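Residue strings, one per chain:
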Amino acid sequence: MSALNYNSPPPGLFVYRTRAHFYEIDALWVLHHSRYLQFVERAQQALFDELMGAKEFSPEKYPDLYVVVKRVEIDYLVPLRGVAPFLVTLRGVKLQEAGLTVAFEFRSEDGAVLHARGERTVCKLGLQTHEPTGWSAEFRAKYEPWVAAGAALAGEK
């Protein structure tokens, strides 16, 4: 996906613009490995806010937020160095009854350098039962087209 225009991403690709701060950099002057997952979480929240129009990040108001992470896989490719801006991209991979898998990439601000990539799968739980439960109709209506477009981008259709 390096030939994409990250300033005007195609359907199915969400771009979260952020930056590394001094306290997130380790002694080798690179973004500490544990911080990558925090940035993925921030990007996921921004995606949810955008797709669902969430005015407040609250599981009581938006039960589809009540999820647990089932699996995370990440490959660190090129160190993200210094206090610098970068992109986190998200692309839907698979939407299941109670699961959502999203691919992520960490790229330089212009998108040219791929620093890390991976996938994150969450499982939707019921607020009262804490057991796997299906996504709401509203969630499916907004995420299904996004996941389908993301799969088409990756040639997974």
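Residues numbered from 1 in each chain as written. Predicted model: local features only at pLDDT ≥ 70, side-chain atom pairs only at ≥ 80, totals over all residues. Heavy atoms only, no water.

So, about the overall build of the protein chain. When you go through the protein chain residue by residue, the secondary structure sums to 2 helices and 5 strands. Counted from the first residue to the last, the protein chain has its helices and strands arranged as β-α-β-β-β-β-α. If one aligns the C-alpha atoms of the protein chain with their principal axes, the spans along those axes are about 45 × 30 × 25 Å. Counting across all 157 residues of the protein chain, residues that qualify as buried make up 45%. Carbon and sulfur atoms make up 53% of the accessible area of the protein chain, which totals about 8400 Å². (Helix = DSSP H or I, 4+ residues; strand = E, 2+ residues; numbered from the N terminus. Buried < 20%, exposed > 50% of the residue type's maximum accessible area, 1.4 Å probe, protein only. Areas by Shrake-Rupley, 256 points an atom, 1.4 Å probe, with all protein chains shown as cover.)

Turning our eyes to something else, we now look at the pairing of strand β5 (residues 114-124). The buried count for β5 comes to 9 of 11 residues, which makes it a mostly enclosed element. In the sheet, strand β2 (residues 67-76) pairs with β5 via 9 bridges, with the strands oriented antiparallel. Opposite I74, over in β5, you have G118 as the bridge partner. Bridge analysis of strand β4 (residues 99-108) against β5 gives 9 bridges, and the strand direction is antiparallel. Its bridge partner being in β5, E105 is matched across the sheet by R117. With antiparallel pairing between neighbouring strands as the criterion, β4 and β5 make up a hairpin whose turn holds 5 residues, including G111 at a positive phi of roughly 85°. (Pairing = 2+ DSSP bridges.)

We now examine helix α2 (residues 137-153). Relative to the 24 Å expected for 17 residues at 1.5 Å per residue, α2 spans 24 Å between its end C-alpha atoms, a close match to the ideal helical length. Inspection of α2 places F139, R140, Y143, W146, V147, A149, G150 and A151 among the buried residues, and these make up the whole buried set. A positive backbone phi angle near 75° is found at G155, which sits one or two residues after α2. (Expected span 1.5 Å × (residues − 1).)

Let's shift gears to the pairing of strand β1 (residues 13-19). Buried residues dominate β1, accounting for 5 of its 7 residues. Relative to strand β3 (residues 85-95), β1 is paired through 7 bridges, and the arrangement is antiparallel. Counted as the bridge partner of T18 is F86 from β3.

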